[in-house]
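# Geometric and topological summary
Each chain, letter by letter, is given below.
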Amino acid sequence: MTKNIISKIAAICAAAAIASGTAVLPSSAADSYSITITDNDSVYCPEFTDGRVDVTADNSVVNPDEDEYLDFTVYNSSGEDVHISSPVSENCFVQKLTADGWVTVYGNDLEAVPIPYDDIYEYNDGTIYYYEDDEVLPPYFAYTDSLNVSGFEDGDYRMGFYTNYYSVNYLYFTVRRSISAVLSESMVYTGDTSLKLNITNNLPYETVMNLDPELCVIEKYSGGKWTILQPKKSSGFYDTDTVIAPYETEGFTVDLSCYGELSKGEYRLSFDWNSDDVYYMPMNGSDTFGTCTVNFKVTEPMTMTIIPTSVDKASDMKVRVKITNNSDSKLRIYDYGKLQKKLGTKWHDVRFKSNAKELSGYRTISPGKTAVVEIKLDDYYNVKTLGEKKYRIELPINGKSYYCTFTISHGKYYTIK
């Protein structure tokens, strides 16, 4: 007699045992399987509870300045055995609450589903997996562990882990340092020479922020490691009131012009803070001074690419540039079309025609939108003299000049790309 068994369990989809042993077939969270068993008398289907447990933290608000770890307890109140893997191993994931919802910052919520398996068995000419690397939490027993949160930014989080192979459990917690800092603007762009921060004093006494740019530490992430940037010039005399009252938030602007323009990439800024409030000063001095770090990413306000074109005649050559607005404000593009040619290592202006009309183009691009700007080269330049060189076109955007590079080649067609 044939019987189909369909299981929706995420990490163990079906289990069958015959007289010689037990067979377990793993699956991803999204799959289900149909297994055909010809001998109905030998069918054994174990029943798995949902594996839900009670998870509590000793302190749901963790201050990494005082303790790097979130201590928590997993309690099995189901009255049945629950399979559990280490919640702080590769079988866990951590998500941060953002304006876009829960964003995974550690691990992978899908990859965490299967419990690791070690042994592989051959059964009926097929490969069968057997799970071993999990532990059994007996009824009414507790499991304790710690999660290192020192690498997490301040904010609200939840840690997820699985029990009984497919049941997800969450532990909600908050990371809040003695002094915390966040960007007051949503984006930092290439060419910016300042960083605007909202700094919060979470302590019961006044603290002083040391925001002198030359005494701060700014690092860039490159090649898999953080590299400290050195100032290119002196920032001059720094005289700013940086005292923050207890439990207050203040806005500050850190002038980073001494480091030059920040290029695209990932950065972090660290600054020291201290307090001389003797009344509240702890005996061990642990909360009277420290370092605050804020991570930020520098992005291009827009992306620009040349749209390749080929024409029969030189007089028909056009430069077409596709521009996408990556910022959260409108881009204003005006008087674009100034052409430069690369000779050696330097860029030189290409001379206008004596009767060329004025550059007077104007476009706007809304946040998140894409537009194409176009310039017909023959309107401004003697196109027959444009050799097979590297060129760039100037695009003044929001008061700053940007350049898009391209090449001109001659053959059967005149090609720009």
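Every value quoted in this text rests on a predicted model; they were computed, and no experiment measured them. Just so you know, the residues in each chain are numbered from 1, in the order the chain's sequence is written. Only residues with pLDDT of 70 or above have their local features reported here, since the model is predicted, and side-chain atom pairs are shown and tallied only from 80 upward, although totals for entire chains, interfaces and linings are computed over all residues. Heavy atoms throughout the structure, all of them, feed into the side-chain values; hydrogens and water do not.

## Description of the overall build of the protein chain
We apply this condition: By the criteria applied, helices consist of DSSP H or I runs no shorter than four residues and strands consist of E runs no shorter than two, each listed in order from the N terminus. For the exposure calls, accessible area comes from a 1.4 Å probe over protein chains only, and a residue counts as buried if that area is under 20% of its type's maximum, exposed if over 50%, partly exposed in between. By definition in these notes, contact holds between two residues if any of their heavy atoms fall within 4.5 Å. Using a 1.4 Å probe, the Shrake-Rupley method yields the accessible areas, and only the shown protein chains count as cover for residues.
Along the backbone of the protein chain there are 0 helices and 37 strands. Here the protein chain holds 417 residues, and the buried ones make up 38% of them. Across the protein chain, the fraction of contacts at a sequence separation of at least 24, relative to all contacts at a separation of at least 6, is 67%. Of the accessible surface of the protein chain, which amounts to about 23100 Å², a share of 47% is contributed by carbon and sulfur atoms.

## Remarks on the sheet that holds strand E19 (residues 194-201)
Applied cut-off: Here a strand pair is declared whenever DSSP counts at least two bridges between the two strands. Helix axes are fitted to C-alpha atoms over the stretch in contact, other axes to C-alpha atoms as well, and angles between N-to-C directions run from 0 to 180 degrees.
On the basis of which strands lie adjacent, the open sheet formed by 3 strands has the order E17-E19-E24 and antiparallel pairing. The open sheet has two edge strands, strand E17 (179-183) and strand E24 (249-255), and neither has a second partner. Strand-to-strand twist of the sheet, defined as the mean angle between neighbouring strand axes without regard to direction, takes the value 30°. As judged from the 5 bridges shared by E17 and E19, these two strands associate in the antiparallel manner.

## Thoughts on the sheet that holds strand E7 (residues 69-75)
Taken in spatial order, the 3 strands make up an open sheet running E5-E7-E14, and their pairing is antiparallel. Edge positions in the sheet fall to strand E5 (54-57) and strand E14 (142-148), since each has one partner strand and no second. Going from strand to strand, the sheet's axes swing by 25° on average, the running direction of each strand aside.

## Some points on the confidence of the model for the protein chain
The following threshold applies: Confidence of the prediction at every residue is given by pLDDT, a number between 0 and 100.
Scored by pLDDT, the protein chain comes out at a mean of 77, with 76% of its residues at no less than 70. This model gives residues 1-49 a pLDDT under 50, and the stretch forms 90 contacts once residues within four places in sequence are excluded. Overall, residues 113-123 carries pLDDT values under 50, and its contacts beyond four positions in sequence, including any with other chains, amount to 39 contacts.

## Concerning the nonpolar core
As a reminder, the rule being used: Residues belong to a common nonpolar core when they are buried Ala, Val, Leu, Ile, Met, Phe, Trp, Tyr or Cys residues joined through side-chain atoms within 4.5 Å.
Residues Met-317, Val-319, Val-321, Leu-377, Leu-386, Leu-395 and Phe-406 are the most contacted members of the largest nonpolar core, which totals 32 residues. Breaking this core down by element, the ones donating at least two residues are strand E27 (302-306), strand E29 (318-325), strand E30 (331-334), strand E34 (370-376), strand E35 (390-397) and strand E36 (400-410). Setting aside residues no more than four positions away along its own chain, Leu-386 makes contact with Met-317, Leu-339, Val-350, Leu-377, Tyr-391, Ile-408 and His-410.

## What to know about the layout of surface pockets
Heads up, the condition is: Two kinds of site are reported from a 1 Å grid over the protein atoms alone, namely cavities, where a 1.4 Å probe fits but cannot get out, and pockets, open sets with protein on both sides within 12 Å along at least five of seven lines, and residues are called lining when an atom falls within 4 Å of a point. Grid points are joined across faces, edges and corners, and a volume is the space filled by probe spheres set on the points.
Approximately 1100 Å³ is the volume attributed to the largest pocket. Taken together, 36 residues line the largest pocket, and the ones lying closest to its centre are Lys-96, Glu-153, Val-294, Asn-295 and Phe-296. Looking at the lining of the largest pocket, the elements that each hand over two or more residues are E17, strand E25 (265-274) and strand E26 (289-299). Here the lining of the largest pocket gets 8 residues from one element, more than from any other, and that element is E26.

## Here we look at the pairing of E7
Side chains of E7 alternate between two faces, with Leu-70, Phe-72 and Val-74 buried and Tyr-69, Asp-71, Thr-73 and Tyr-75 left unburied. When E5 meets E7, the two strands line up antiparallel, connected through 4 bridges. Note on E7: the bridge partner recorded for Ala-57 is Phe-72.

## Some words on the packing of aromatic side chains
Spelled out, the test is: To pair, rings of Phe, Tyr and Trp, with the six-membered ring standing in for Trp, must have centres within 6.5 Å; the planes then decide the type, stacked if under 30 degrees apart, edge-to-face if over 60, and tilted in the middle. As a reminder, the over-ring test applies to NZ of lysine and CZ of arginine, requiring each to be within 6 Å of the ring centre and within 35 degrees of the ring normal.
Following the criterion strictly, the structure yields 12 aromatic pairs and no others. On the numbers, 6.0 Å between centres and 20° between planes, the contact of Tyr-391 with Phe-406 is stacked. Here Tyr-391 is found in strand E35, whereas its partner Phe-406 is found in strand E36, with 15 residues between them in sequence. An aromatic cluster of three or more residues is present, and its members are Phe-93, Trp-102, Tyr-162, Tyr-170 and Tyr-172. Above the face of the Tyr-170 ring, Arg-158 is positioned so that its terminal group lies 4.1 Å from the ring centre. For the cation-ring pair, Arg-392 lies above Tyr-403, with the distance from its terminal atom to the ring centre recorded as 3.9 Å.

## Describing the side chain of Ser-275
For the record, the criterion: Whenever two N or O atoms come within 3.5 Å, that pair is a polar contact, provided that in protein one can donate a hydrogen and the other can accept it, and provided that, for residues adjacent in sequence, both atoms are side-chain atoms.
As for its placement among the helices and strands, Ser-275 is situated in the loop between E25 and E26. Within the structure, the side chain of Ser-275 is placed 2.8 Å from the backbone oxygen of Glu-206, a separation counted as a polar contact.

## With respect to the pattern of salt bridges
Rules: Salt bridges, as used here, are contacts in which a Lys or Arg side-chain nitrogen is within 4 Å of a carboxyl oxygen on Asp or Glu.
Tallied over the entire structure, the rule returns 8 salt bridges. With a closest N to O distance of 3.0 Å, Arg-320 and Glu-374 form a salt bridge. Of this pair, Arg-320 sits in strand E29 while Glu-374 sits in strand E34, and the two are 54 residues apart along the sequence. The exposure class of Glu-374 is partly exposed, given its relative accessible area of 38%. With a shortest N-O distance of 3.3 Å, Lys-353 and Asp-378 are connected by a salt bridge. Residue Lys-353 is found in the loop between strand E32 (346-349) and strand E33 (362-365), and its partner Asp-378 is found in the loop between E34 and E35; the two are separated by 25 residues along the sequence. Among the charged side chains, a network of salt bridges with common partners joins Lys-318, Arg-320 and Glu-374.

## Focus: the side chain of Ser-180
Position of Ser-180 relative to the elements: it lies in strand E17. Side chain to side chain, Ser-180 and Asp-154 meet in a polar contact 3.4 Å long. The residues contacting Ser-180, other than those within four sequence positions of it, are Asp-154, Asn-198, Ile-199, Thr-200, Asn-202 and Cys-292.

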